[in-house]
Amino acid sequence: MTNESRRFTDRVVVVTGAGSGLGAASARRLAVEGAHVVLVDIDEAAAEAVAADIPGPTLVVGADIAEEAAVEEYLRRAVERFGRIDHHHLNAGIFGSFIPLPDLPLSEFERVMAVNVHGQFLGMRGAFRQFSAQSSAGSIVLTASIASLTGAADLLPYHVSKHAVTGLVHAGGVYGGPLGIRVNAVAPGIVPTELFAEASSMRGGKDDMAHRASTTPLRRAGTPEEVAAVVSFLLSNDAAYVTGQLVSVDGGATVVNTVRPSGGAGAWDPRPVDDALYHGSGNWGDEL
């Protein structure tokens, strides 16, 4: 990206989950492109640290995006500071746990839904309300996931929540189209960030991400900056005719036909995986 690329000069962008990972990379990218950035995170100190390291005007708001009043407050403060909001990157989310389906407590399922679904809904609803209040069009990008498009035997709440994000994007895109409001999502694949730090020692968590990503067509993991570049595109007028879409940023992972030889068919033994998952050994094996 060149210094001449300033698609967001004097535009106001809200980024949730901006204190780390994908949100921090998005905030940096948008600021470099000229945006006034509102950094929202439950960890206000982390968002302050990101804000201190990016150019241009910023506002930091500590908020739990799963709380209706907190979403209304960050929107109020953003408008109070900058007068309007032009774009929203609704990125904040949580990972959940690896608890197997039969043992999964309702409380754990609800915890993930509260952040990853309720929080995204509240943010999108708030964005639509603000665009209406200021009589303007605008754009919204949610953070979906490779888990929005596929399934797995683990991380059930996370997968369900990210499928729900797909519904928000599709419905939001249809509703917003006649109003000039575009709603899209990025669907990252394996991109190591702090989101997965809690599961750093688990197979399928953070420590084996590079190994798992080596099976994608691009044969590597992605970076937060590569996801931020797509977020920037989707929020910008360069994507003026794009709405209701999930754009995969996954190294090609979701297009692989796993029952073909080129997709790794038969290249691994599923027995250690099945033994760990269904017989409780807890050892996912080196094959993953």
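Here we summarise the structure given alongside this text. These numbers come from a predicted model, not from an experiment.

The helix and strand inventory of the protein stands at 8 helices and 7 strands. In terms of overall dimensions, the protein is globule-like: its C-alpha atoms have a radius of gyration of 19 Å, near the 19 Å expected for 288 residues. Across its three principal axes, the protein shows a C-alpha extent of roughly 60 × 40 × 40 Å. Sorting the 288 residues of the protein into buried and exposed places 49% on the buried side. Taking all contacts inside the protein whose residues are at least 6 apart in sequence as the whole, residues at least 24 apart take part in 65%. Counting only carbon and sulfur atoms, one obtains 54% of the accessible surface of the protein, whose full area is about 13400 Å².

What follows concerns the sheet that holds strand S7 (residues 246-249). Pairing is parallel across the open sheet formed by 7 strands, whose spatial order is S3-S2-S1-S4-S5-S6-S7. Because the sheet does not close on itself, it has two edges, and the strands there are strand S3 (58-62) and S7. Neighbouring strand axes in the sheet, compared pairwise and without regard to direction, differ in orientation by 15 degrees on average. By the bridge criterion, 4 bridges tie strand S6 (residues 181-188) to S7 in an arrangement that is parallel.

For the rest of this paragraph, the subject is the nonpolar core. Judged by nonpolar contacts, the single largest core of 35 residues is most densely connected at Val38, Val40, Tyr74, Met124, Ile140 and Leu142. Listing elements by their share of this core, those giving two or more residues are strand S1 (12-16), strand S2 (36-41), S3, helix H3 (68-82), helix H4 (106-133), strand S5 (138-143), helix H5 (156-176) and S6. With 27 residues, the next largest nonpolar core counts Val15, Ala35, Val60 and Leu234 among its residues.

On to the environment of glycine 123, then. Topologically, glycine 123 is positioned in helix H4. You can call glycine 123 buried: its relative accessible area is 0%. Separated by 136 residues in sequence, glycine 123 and valine 259 have C-alpha atoms that sit 39 Å apart. Discounting chain neighbours no more than four positions away, the residues touching glycine 123 are Val71, Tyr74 and Leu90.

Turning our attention to the packing of aromatic side chains. Within this structure, the stated rule accounts for 3 aromatic pairs. Measuring from centroid to centroid gives 6.0 Å for phenylalanine 95 and tyrosine 158, while their planes differ by 50 degrees, and the two rings are tilted. Residue phenylalanine 95 is found in the loop between strand S4 (87-90) and H4, and its partner tyrosine 158 is found in helix H5; the two are separated by 63 residues along the sequence. Of the two residues, phenylalanine 95 and tyrosine 158, both sit in the buried class. Ring centres of phenylalanine 128 and tyrosine 175 lie 5.6 Å apart, and the angle between their planes is 65 degrees; this geometry places the pair in the edge-to-face category. With phenylalanine 128 in helix H4 and tyrosine 175 in helix H5, this residue pair connects regions lying 47 residues apart in the sequence. Aromatic ring contacts, followed pair by pair, group Phe95, Phe98 and Tyr158 into a single cluster.

What follows concerns the environment of serine 139. By the element assignment, serine 139 lies in strand S5. The class of serine 139 is buried, set by a relative accessible area of 2%. Remark: the alpha-carbon pair of serine 139 and glycine 19, spanning 120 residues in sequence, is separated by 22 Å. Among all residues touching serine 139, those that are not within four sequence positions of it are Asp86, His87, His88, Phe131, Arg182, Leu234 and Leu235. A distance of 2.8 Å separates a polar atom in the side chain of serine 139 from the backbone oxygen of leucine 235.

What counts and how
Residues numbered from 1 in each chain as written. Predicted model: local features only at pLDDT ≥ 70, side-chain atom pairs only at ≥ 80, totals over all residues. Heavy atoms only, no water. Helix = DSSP H or I, 4+ residues; strand = E, 2+ residues; numbered from the N terminus. Rg over C-alpha atoms; globule rule 2.2 N^0.38 Å. Buried < 20%, exposed > 50% of the residue type's maximum accessible area, 1.4 Å probe, protein only. Contact = heavy atoms within 4.5 Å. Areas by Shrake-Rupley, 256 points an atom, 1.4 Å probe, with all protein chains shown as cover. Pairing = 2+ DSSP bridges. Axes fitted to C-alpha atoms, helices over the stretch in contact; angles between N-to-C directions. Core = buried A, V, L, I, M, F, W, Y, C linked by side-chain atoms within 4.5 Å. Phe/Tyr/Trp six-rings, centres within 6.5 Å; stacked < 30°, edge-to-face > 60°. Polar contact = N/O pair within 3.5 Å; in protein donor to acceptor, adjacent residues only side chain to side chain.

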